[in-house]
Amino acid sequence: MIRYRDLIGAKVVEKKNGERIGEISDVIFKEDFQSFVGFLIKGGKILKQKKTIELERVTSFGKDAIMIDLGKSLSIKNSNIEEGITEEEIKFIDKEILTQDGECLGYVKDLLFSKDDGKLIGYIITEGLIEDITKGRSFIPNFSNVKTNKEHLIVDNEVKGLISKNKEKYKKLLELVER
């Protein structure tokens, strides 16, 4: 698993020659927001402007760099993933999470993805600084029926009970991700 915030600013290196390609400036989501398909890359010697790179080119997500395989070509071409949506456009981070009854469960602080296929596993949420310190952050698994718009993430009413019931499991999950 990998956090969205760990991806942003991550160094991208071509594994065959060790050349720094640039750094990730954003994640590109599929239109249904259920997974990401690539990254926006900026900087580096090869790139003078932002380009996209497909998730399939990633060979490993390391602690210090993301390794990619550009194949025979040392250029990153614009691809069909540009039709996707970036986090910057949808702004998941700090989005208010509401139940269908209009109860605020908190705010999105981070997104959690599968390294293998880019699937969105869930949302790391905060209820505020004091709650983060006293209780810790919480987690909402990604369900296909989560609805998002420019201001809110709307979840089923049952999610509140799910968070309470599985609080300790989610805490352990978040601890694993932070290692």
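Structure first, text after, so check above.
Presented here is a report on the structure given in the accompanying data block.

Our next topic: the pairing of strand 14 (residues 152-155). Bridge count between strand 9 (residues 96-99) and strand 14: four bridges; the pairing is parallel. For Ile-97, the partnering residue across the bridge sits in strand 14 and is Leu-153. Inspection of the sheet shows strand 13 (residues 147-148) paired to strand 14 by two bridges, in the antiparallel sense. Counterpart to Lys-147 in the pairing with strand 14 is Ile-154. Counted between consecutive antiparallel strands, the loop separating strand 13 from strand 14 contains three residues.

Here the focus is the pattern of salt bridges. Scanning the model with the defined rule gives five salt bridges in all. The salt bridge partner of Lys-109 is Asp-94, with a shortest N-O separation of 2.9 Å. Of this pair, Lys-109 sits in strand 10 (residues 104-113) while Asp-94 sits in the loop between helix 2 (87-90) and strand 9; the two residues are 15 residues apart in sequence, bridging distant segments of the chain. Overall, the relative accessible area of 45% leaves Asp-94 in the partly exposed class.

Thresholds applied
- Residue positions are given per chain, counting from 1 as you read along its sequence in written order.
- The model is predicted, so local features are restricted to residues of pLDDT at least 70 and side-chain atom pairs to those at 80 or more, both for listing and for counting; the totals for chains, interfaces and linings are taken over all residues.
- Here the side-chain values reflect all heavy atoms present in the structure, with hydrogen atoms and water set aside.
- In this description, strands pair whenever DSSP reports at least two bridges between them.
- Strands here are runs of E lasting at least two residues and helices are runs of H or I lasting at least four, both read from the DSSP assignment and numbered beginning at the N terminus.
- Here, a salt bridge means any Lys or Arg side-chain nitrogen found within 4 Å of an Asp or Glu carboxyl oxygen.
- Whether a residue is buried, partly exposed or exposed follows from its accessible area with a 1.4 Å probe, protein chains only, as a fraction of its type maximum: under 20%, in between, or over 50%, in that order.

Worth remembering: the numbers are spatial, not functional.
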